[in-house]
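One letter stands for each residue in the lines below.
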Amino acid sequence: MTAWAETCQVFTGSQPLEMKNKMHLVLFGPPGAGKGTQSQFLTEKYGLKHLSTGDLLRAEIKAKTPLGLQAQELMSAGELVPDEVVVGMIRNLLENNPDAKGFIFDGFPRTRAQAEALDEAMKETGSEIKLMLALDVPEEELVTRLLGRGETSGRPDDMSEEVVRKRIREYEKKTAPLKDFYHAQGKLRKIHGLGSIVDITSRLTDAIDG
Ligand code: B4P
């Protein structure tokens, strides 16, 4: 049993009681689809803990840790950070938040290996992902949004159209296939991602409550 499972060790039969009825959501979509934006509203409405691997990596970069220095180069080039790095970060956070009502995973998983690691971590505590909410936004809108954010955010990966399009290609190649992974489990919900932020929040909450 892992340390995380041990921290949740209040058993009824073989099921850890604490984790059984939690709500875990994956907020999914290409770069610029609105994952970070919508996570803010959903965490508040449902009292969930927000886990953004992008935010975690940017915090490492800011703190100039060895992990941050490695991640910085890859992120600035529009590439994904190695699976073992992000899986390790997520596992630490799950272990350190055994009392959370549930998690919103924002920007994670991004590869098949990450999705399998997440399922494994969930299983260890008798829990599971409830839904994958996949925001669908056309490429030209993504580019406009990200370059727009780049004007004020100071994020190097939002400042060059070439890097933005590289991130979208990485998403199509390595991340988009995860929709099939969750569809096979009956958990995929596609959400139209164009429109006002408020409208998109209500499409998401309809899907969650339904
Ligand atoms: P992330 O931090 O996850 O960044 P993102 O995909 O660009 O952001 P997000 O999708 O949350 O932004 P949002 O649409 O809300 O990743 C950055 C990098 O970190 C990756 O490229 C990768 O290198 C690395 N990384 C992160 N996780 C990883 C993992 N699991 N594995 C490997 N590498 C990983 O916002 C975009 C803009 O759109 C904002 O300006 C917002 O205001 C605007 N917007 C949002 N909704 C809108 C709407 N409805 N209409 C108009 N504009 C809207």
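Structure's up top.
Everything numeric in this text was worked out from a predicted model, so none of it was measured.

A. Highlighting the site of the ligand. Gly-34, Thr-53, Arg-58, Glu-79 and Arg-167 are the nearest of the 30 residues found near the ligand. Measuring from a nitrogen atom of the ligand, one finds a side-chain N or O atom of Thr-53 at 2.7 Å. Contact between the ligand and Arg-110: a nitrogen atom at 3.0 Å from a side-chain N or O atom of the residue. Taken by itself the ligand offers 1000 Å² of open surface, and the protein chains cover 88% of this. Counting only elements with at least two residues in the shell around the ligand, the list comes to helix H3 (35–46), helix H4 (53–62), helix H8 (139–153) and helix H11 (197–209). For the shell around the ligand, the element with the highest residue contribution is H4, accounting for four residues. Residue composition of the shell around the ligand, by class: 12 nonpolar, nine polar and nine charged.

B. Seen up close, the pattern of salt bridges. Under the defined criterion, the tally for this structure stands at 17 salt bridges. Salt-bridge contacts for Asp-158 lead to Arg-149; the nearest nitrogen and oxygen are separated by 2.6 Å. Judged by its relative accessible area of 0%, Asp-158 falls in the buried class. Arg-155 is the salt-bridge partner of Asp-158, the closest N and O atoms lying 3.7 Å from each other. Salt bridges here are not isolated pairs; linked through shared partners, they connect Glu-139, Glu-140, Glu-161, Arg-165, Arg-169 and Glu-172.

C. The arrangement of the sheet that holds strand S3 (residues 24–28) in detail. Taken together, the five strands give an open sheet; going across it, the order is S4-S5-S3-S6-S7, and neighbouring strands pair in parallel fashion. Where the open sheet ends on each side, the last strands, each with one partner, are strand S4 (49–52) and strand S7 (188–192). The average angle at which neighbouring strand axes cross in this sheet is 20 degrees, direction not considered. Sheet topology note: the S3/strand S5 (residues 103–106) ladder contains three bridges and is parallel. Paired with Val-26 across the two strands is Phe-105, which belongs to S5.

About the criteria used
- As a convention, each chain's residues are numbered from 1 in the sequence order in which they are written.
- For a predicted model such as this one, the threshold for reporting local features is a pLDDT of at least 70, and the threshold for listing and counting side-chain atom pairs is 80 or more; totals across whole chains, interfaces and linings nevertheless cover every residue.
- Each side-chain value is derived from all of the structure's non-hydrogen atoms; neither hydrogens nor water enter the calculation.
- Any residue with a heavy atom positioned within 4 Å of a molecule or strand is treated as near that molecule or strand.
- Within 3.5 Å is the distance limit for a polar contact, defined as a pair of N or O atoms, with the added protein rule that one can donate a hydrogen and the other accept it, and that residues adjacent in sequence qualify only through two side-chain atoms.
- Values of accessible area rely on a 1.4 Å probe in the Shrake-Rupley scheme; residue burial ignores everything except the protein chains shown.
- Runs of E in the DSSP output that reach at least two residues are strands. Runs of H or I that reach at least four are helices, and both are numbered from the N terminus.
- Gly falls in the polar group here, along with every residue not listed as nonpolar (Ala, Val, Leu, Ile, Met, Phe, Trp, Tyr, Cys, Pro) or charged (Asp, Glu, Lys, Arg).
- Each salt bridge in this description consists of a side-chain nitrogen of Lys or Arg and a carboxyl oxygen of Asp or Glu lying within 4 Å of one another.
- For every residue, the accessible area (1.4 Å probe, protein chains only) is compared with the maximum for its type, and the residue is labelled buried under 20%, exposed over 50%, or partly exposed between those bounds.
- When DSSP finds two or more bridges between two strands, those strands count as paired.
- For every element, the axis is a line fit to its C-alpha atoms; helices are fit only across the contacting stretch, and the angle between N-to-C directions ranges from 0 to 180 degrees.

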